[in-house]
Amino acid sequence: MLPKQVLISLMVAAGVVSASDVHQLKEDSFDDFIAKNPLVLAEFYAPWCGHCKALAPEYETAATELKAKGISLVKVDCTEESGLCQKHGVEGYPTLKVFKGTTDNPSAYSGQRKADAIVSYMVKQSLPAVSVLTKDTLEEFKTADQVVVVAYFKADDKKSNETFAAVAEPLRDNYLFGATSDPALAEAAGVTAPGVVVYRKFDEPVVVYDGAFEADAITAFAKTSAVPLIGEVGPETYSGYMSAGLPLAYIFVEGADDKAKYSDGLKELAKKHKGKINFATIDAVAFGAHAQNLNLEQKWPAFAIQETVKNTKFPFDQTKELTIESITSFVEDFAAGKIEPSIKSEPKPEKQEGPVHVVVAHNYNEIVLDEEKDVLVEFYAHWCGHCKALAPKYEELGKLYFDNPEFAKKVVIAKVDATLNDVPDEIQGFPTIKLFPAGKKSTPIDYQGGRTVEDFVKFIKENGSHHVDASVEKKDEPAASAETLGEAAPAATDAAEETASKSAEKKESSTSTEAAAETHDEL
Ligand SMILES: *[C@@H]1O[C@H](CO)[C@@H](O)[C@H](O)[C@H]1NC(C)=O
Ligand SMILES: *[C@@H]1O[C@H](CO)[C@@H](O)[C@H](O)[C@H]1NC(C)=O
């Protein structure tokens, strides 16, 4: 065997080990680095976090590419620099923030966690919101990103210039914006100034705007043009579809042939409903588990529409054949409001037996929205480890109210498996715990505290409408109190750790499809 030293120098010689272009920063170097570099992307991470590990090679690649453009990528290990991370409000891992020469007001990085996406996002950050274009730069600019929005207006047309700047500013992270006042370029583009053209890398590559030169209308046009007629749901696109405010029609396909067959066959239908329903294929092999979130079985091909605002689901009957014709009539019926959403529910328990009430979709209103009671609900998933760890304490908590007839009239401790039941609440991670106070059911309060019975009791006392105090009296025998003290410290640390990793889990599962692969549930 070679001594380690030799091995390392061999690897260096072979170029295997190269210095990283990502700067590792600490409390004492962070502020100074930010002040000296005009544009910095910072990753706050923990070494144990799976999504941080997945990001690492992408982050390295992006750092190397961006170095040449004077954009720096840095990372901070929050298990070592907890003060620094706390100062920057880090709640989950990884947290990515963009700094522009000062530690004040960084913006959250909202791009995808892939090297090319990071590069594209940071380059956009480095450019003015609207790049001024000339005949030498226009051609290259048109293909510089997935979606490029170019305005053509006259040199003295201040108003259009300002209007376009107002469109670009809030969308600058999403698309590339450019403008030119060269009349020859407008003519070549077939545009009468002032006008707008969207250049894109899918469907028809050039789309000319034909409305009035007004900010809202141009914004709407840019957003609609940015969505392909039939796109694809994946880690890169999922959050965009969810925030588009339109129903999303999913076509689960297995393999390229099916994908082509349905994408081509449904183009006309998608065109007809453009701006009202988004259509996208989804790779059933990679993301098939997402079908269950749409109340579909994992049988392909499959089709479902999700109303993304109300989070209701309209699965296509899987006993029927899925053809272009059958999808078309399903979509037309949906658009006409003729289809009822499907509600996934476990069977309603006949009787609540344990101290923790079992909520399912069909008894949700009856239990959770009971105006007479303060109801604490744990939204859990059967596969979630943190939920399992919480279960005995949650039982114990339930007993405090359930076993006391006076309290039981006022407080209910409940749980619902949110993967097996449709619930109206938006749940981004497990467990999510909310209190629905009596008489104030429309404003539930998120539970953010520690995971001890005492913490829960205090929370219910303070935030419940009935202010029920179920705290157990402390015995003050000296031996017992010494023991309590002895246990209290590690227990508190435990709870703190769980909370930190819970928010990490929450953050991770809410942002990407990779989480789906890991959890087999959430896309
Ligand atoms: C728009 O206005 C800004 C600020 O006055 C100016 O720098 C820019 O050149 C104008 N854009 C075009 C395309 O003329
Ligand atoms: C009551 O709810 C508020 C708002 O969520 C929270 O900040 C506070 O800590 C809660 N009280 C207790 C004792 O947990």
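For the chain, the name recorded in an unreviewed UniProt entry is Protein disulfide-isomerase, with Orbilia brochopaga as its organism. Per UniProt, the chain carries the Function (unreviewed entry) text "Participates in the folding of proteins containing disulfide bonds, may be involved in glycosylation, prolyl hydroxylation and triglyceride transfer." In UniProt, the chain has this text filed under Sequence similarities (unreviewed entry): "Belongs to the protein disulfide isomerase family."

**Student:** Can you break down the overall build of the chain residue by residue, with the values?
**Tutor:** For the chain, the count of helices and strands is 19 helices and 20 strands. Every one of the 523 residues in the chain was classed for burial, and the buried ones make up 44%. Considering only residue pairs separated by 6 or more positions, the chain has 71% of its internal contacts joining residues 24 or more positions apart. Carbon together with sulfur atoms contributes 53% to the accessible area of the chain, which is approximately 26700 Å² in total.

**Student:** Give me the side chain of Ser160: which residues, what numbers.
**Tutor:** Looking at the element boundaries, Ser160 is found in helix H7 (residues 158-171). Excluding residues within four positions of it along the chain, Ser160 makes contact with Phe153, Pro194 and Phe213.

**Student:** Let's hear about the site of ligand 2: which residues, and what values?
**Tutor:** Neighbouring residues of ligand 2: Ile445, Asp446, Lys458, Phe459, Glu462 and Asn463. Glu462 places a side-chain nitrogen or oxygen 3.1 Å from a nitrogen atom of ligand 2. A distance of 2.3 Å separates an oxygen atom of ligand 2 from a polar atom in the side chain of Asn463. For ligand 2, the protein covers 52% of the area, taking 360 Å² as the surface of the free molecule. Looking at the shell around ligand 2, the elements with two or more residues in it are strand E20 (445-446) and helix H17 (453-463). Tallying contributions element by element places H17 first for the shell around ligand 2, with four residues. A class-by-class count of the residues in the shell around ligand 2 yields two nonpolar, one polar and three charged.

**Student:** I'd like to hear about the packing of H7 against helix H9 (residues 215-225), residue by residue, with values.
**Tutor:** Interaxial distance between H7 and H9 falls to 9 Å at its minimum, and their mutual angle equals 45°. Taken together, the axes of H7 and H9 are oblique relative to one another. Pair H7 / H9 crosses with right-handed handedness. Taken together, the residues of H9 that come into contact with H7 (itself represented by Thr163, Val167 and Leu171) are Ala215, Ile218, Thr219 and Lys223. Grouping the constituent residues of the contact of H7 with H9 by class yields four nonpolar, two polar and one charged.

**Student:** Which residues make up the environment of Glu372, and what values go with them?
**Tutor:** Secondary-structure assignment places Glu372 in the loop between helix H14 (364-368) and strand E17 (374-380). Setting aside anything within four residues of it in sequence, one finds Glu372 in contact with Lys410, Ala438 and His466.

**Student:** Could you give me a rundown of the state of the cysteines, with the residues and numbers involved?
**Tutor:** Under the counting rule described, the total for this entry stands at three disulfides. The disulfide that involves Cys78 links it to Cys85, with 2.1 Å between the sulfurs. Its S-S torsion of about -90° marks the bond between Cys78 and Cys85 as left-handed, since a negative value means left-handed. Taken in N- to C-terminal order, the disulfide-linked cysteines of the chain are connected 1-2, 3-4, 5-6.

**Student:** Can you lay out the site of ligand 1 for me, pointing to particular residues and giving the numbers?
**Tutor:** Taken together, the neighbourhood of ligand 1 is formed by Val132, Phe153, Asn161, Ala179, Thr180 and Ser181. Interatomic distance of 2.3 Å between a side-chain N/O atom of Asn161 and an oxygen atom of ligand 1. Expressed as a share of its isolated accessible area of 360 Å², the protein-covered part of ligand 1 is 49%. Grouping the amino acids of the shell around ligand 1 by side-chain chemistry returns three nonpolar, three polar and no charged.

Criteria and cut-off values
- Residues numbered from 1 in each chain as written.
- Chains lettered and ligands numbered in written order.
- Predicted model: local features only at pLDDT ≥ 70, side-chain atom pairs only at ≥ 80, totals over all residues.
- Heavy atoms only, no water.
- UniProt positions renumbered as here; feature names shortened; annotations may be inferred.
- Helix = DSSP H or I, 4+ residues; strand = E, 2+ residues; numbered from the N terminus.
- Buried < 20%, exposed > 50% of the residue type's maximum accessible area, 1.4 Å probe, protein only.
- Contact = heavy atoms within 4.5 Å.
- Areas by Shrake-Rupley, 256 points an atom, 1.4 Å probe, with all protein chains shown as cover.
- Near = heavy atom within 4 Å.
- Polar contact = N/O pair within 3.5 Å; in protein donor to acceptor, adjacent residues only side chain to side chain.
- Nonpolar A, V, L, I, M, F, W, Y, C, P; charged D, E, K, R; others polar.
- Axes fitted to C-alpha atoms, helices over the stretch in contact; angles between N-to-C directions.
- Parallel < 35°, antiparallel > 145°, perpendicular 65-115°, else oblique.
- Left-handed = near helix turned anticlockwise from the far one by under 90°.
- Disulfide = S-S within 2.5 Å.

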